[in-house]
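# Coordinate inspection notes
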Amino acid sequence: MSGPDDPNDMAGLSGPGGLAVCAPLRLEARAVRRGLTDAAGGTGGAAGGTGGAAGGTGGGAGFEVLATGMGARRSRAAAERLRASAAGAVAIAGTCGGLAPGLEPGDLVVATVVIGPDGRRVSCPAAPLLAGQLRRAGLRVHEGPVATVRGLHDAAGRSRALDRGAIAVDMESSYLIDGAAGRPAVVLRAVSDTPRRPLLRPGGMAGGVAALRSLRLAGPALAAWAAATSPRQVLLAGPRSFCAGVERAIEIVERALDGAAAPVYVRKQIVHNTHVVAGLEQRGAVFVDELHEVPQGATVVFSAHGVAPAVRSEAGRRGLDTIDATCPLVAKVHAEARRFVSDGYLVALIGHAGHEEVEGTLGEAPGAMRLLQTPADVTALEPADPDKVAYLMQTTLSAEEAGEIVDALLERFPSARGPGSDDICYATTNRQRSVRAIAAESDVVLVAGSANSSNSKRLVETAERAGVRAYLIDDTGDIELGWLTGASTVGITAGASAPPAVVSQIVAALSGLGSVQVGERVAATESIRFGLPKEVRQS
Ligand code: SF4
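A brief report on the enclosed structure follows. A quick note: this is a predicted structure, and the numbers were derived from the prediction, not measured.

About the cut-offs
- Residues numbered from 1 in each chain as written.
- Predicted model: local features only at pLDDT ≥ 70, side-chain atom pairs only at ≥ 80, totals over all residues.
- Heavy atoms only, no water.
- Helix = DSSP H or I, 4+ residues; strand = E, 2+ residues; numbered from the N terminus.
- Expected span 1.5 Å × (residues − 1).
- Contact = heavy atoms within 4.5 Å.
- 1 Å grid on protein atoms, 1.4 Å probe; cavity = no way out; pocket = protein on both sides within 12 Å on 5 of 7 lines; lining within 4 Å.
- Points joined across faces, edges and corners; volume = space filled by probe spheres on them.
- Nonpolar A, V, L, I, M, F, W, Y, C, P; charged D, E, K, R; others polar.
- Near = heavy atom within 4 Å.
- Sits in = over half its atoms within 2 Å of the grid points.
- Core = buried A, V, L, I, M, F, W, Y, C linked by side-chain atoms within 4.5 Å.
- Buried < 20%, exposed > 50% of the residue type's maximum accessible area, 1.4 Å probe, protein only.
- Pairing = 2+ DSSP bridges.
- Axes fitted to C-alpha atoms, helices over the stretch in contact; angles between N-to-C directions.

Turning next to helix H15 (residues 454-465). Taking 1.5 Å per residue, 12 residues should reach 16 Å; H15 reaches 16 Å between its end C-alpha atoms and fits that length. Check the buried side of H15 and you find it contacts helix H13 (399-412), helix H14 (426-439), strand S17 (444-448), strand S18 (469-473) and strand S19 (489-494). Gly-467 lies just past H15 and shows a positive phi near 95°.

Shown next, in the form of structure tokens:
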């Protein structure tokens, strides 16, 4: 392996605001430099230490990659020089030894925390952002603590690192990261060896080659991270995240699990969020699509979106114990549908085909209800009596979208009757108001929510209608760094089914791109709570 470059090179490291990359070995530095040069559309870059406009907080401020040398002494010295440099962002890149099961040579490791030989921990909040960018580039990536050990054969250090939760070890990161001195910093390592595939065994060098290749391929993601670094303002929408119906539904499943000796089944996703479902699965809930998957006599929870009467009947026929987590505001729409139908009305339900809430509501009277998804659908309505038309709405629609359809309906059937009170629920309305408030001040809006969450998707559309770029993300890993480049104010909200923790994680990750000033725009306050069904009240 090569030795370090001239240590004095660090004195002129990177231009003001640029990206400084510290790689211990020349081979590692060359691999990263070529990756960054590729990202910048360059043609080479192996010989020199500097590069073009791949990174930099100022946009196009350039990058510089330097071989800083192996081990503690050289890394400490490099950190001192790095501290004095004008670089705007720091990346530490190189190879590492994999510790955790599942790591293979060539895999990339993005450090969430760097652990020193003395146990000191330095967190790297931007890790999920860089890891997500790398994954979208098709690379195998692991996120977790990386520990620095004293030498290649420091078996005791590796053992301590494992005890401290590290997934990989290196010999430099905990020293080099001190040189970042508060600037945005990431640690990116590529696995060259693992306990099953040590480097100094026959065939072990293949791991080193795979690691160098991965470092090169990581160049574009590293450049994207550097380009997104900047101090920025974060604007939180209020209210955001869980509504009363979602909190109630989750609590119902939790209480059912607490009081159950046997598995608790949940028909469909209890609420439309992957994190909520995964968390309840971990606690023992079994999610099924249909009732035939539930064993005879078992307990099944109906989701917050409600079910058609036919589903309740089937559950009764099969002797299932049912607990109904239907949101009371969805149940209200069902009751309105039954009332209109029994009064002889043709009921037009404004909503989206295939959504569970819509299927459940239409199931109240399939022969007397019609779905309207667009204003054009109104022309297909053929009521027996034009004076006996009523309309209802899915609870999570956007007010603008629903309003256009209602206008078309009233134009054709002026006497059409609507719901007694708004079907679009308070939580949907409030979250749309608050996203409009942040959209007016933001360069980009991030909406936390899963892809099948209707109210979350409406928040994206509402922000877009307000004239701002908006993106739906399940969590931090979905954020494309390019969305943030040049965005000095980032608005954040969350759909009614998205956990508040996701918003906290997004803010924390953004703090890894530069200092973050957090503000909030509160469009409404909420104090609504719904009671629990009797089946779980005592649990
Ligand atoms: S979004 Fe509205 S209707 Fe849906 S669960 Fe929440 S409160 Fe109930």
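As a volume, the largest pocket reaches approximately 770 Å³. If you trace the largest pocket, you find 32 residues lining it, with Leu-152, Arg-158, Ser-192, Asp-193 and Leu-199 closest to the centre. By residue number, the principal contributor to the lining of the largest pocket is helix H6 (residues 205-217), which donates four residues. For the lining of the largest pocket, the residue count by class is 18 nonpolar, seven polar and seven charged. Taken together, 15 residues make up the lining of the second largest pocket; nearest its centre are Ser-123, Gly-182, Arg-183, Pro-184 and Ala-185.

As a further point, take the site of the ligand. Contacts to the ligand come from Cys-243, Gly-245, Val-246, Cys-327, Leu-329, Val-330, Thr-395, Cys-425 and Tyr-426. More than half of the atoms of the ligand fall within 2 Å of the grid points belonging to the largest cavity. Secondary structure elements with two or more residues in the shell around the ligand: helix H8 (244-258) and helix H11 (328-342). Taken together, the residues of the shell around the ligand break down into seven nonpolar, two polar and no charged.

Judged by nonpolar contacts, the single largest core of 58 residues is most densely connected at Leu-134 and Trp-225. Broken down by element, this core gets its largest block of residues, seven residues, from helix H7 (residues 219-228). Beyond its immediate stretch of four places on either side in the chain, Trp-225 contacts Leu-19, Ala-89, Val-90, Ala-91, Ala-126, Leu-130, Pro-184, Ala-185, Val-186, Leu-481, Gly-512 and Leu-513. Cys-243, Ile-250, Ala-256 and Val-301 belong to the second-largest nonpolar core, a separate cluster that totals 31 residues.

Reading across from one edge, S18-S17-S19-S9-S20 is the order of the five strands in this open sheet, with parallel pairing throughout. In the strand order of this sheet, the two ends are held by S18 and strand S20 (516-522), each with one partner. On average, each strand axis in the sheet is inclined to that of its neighbour by 25°, with strand direction left out of account. Inspection of the sheet shows S17 paired to S18 by five bridges, in the parallel sense. Of the residues in S18, the one forming a bridge with Val-444 is Arg-469. Contacting strand S9 (232-238), S17, S18, S19 and S20, helix H17 (residues 500-510) crosses the sheet at an angle of about 160° to S19.

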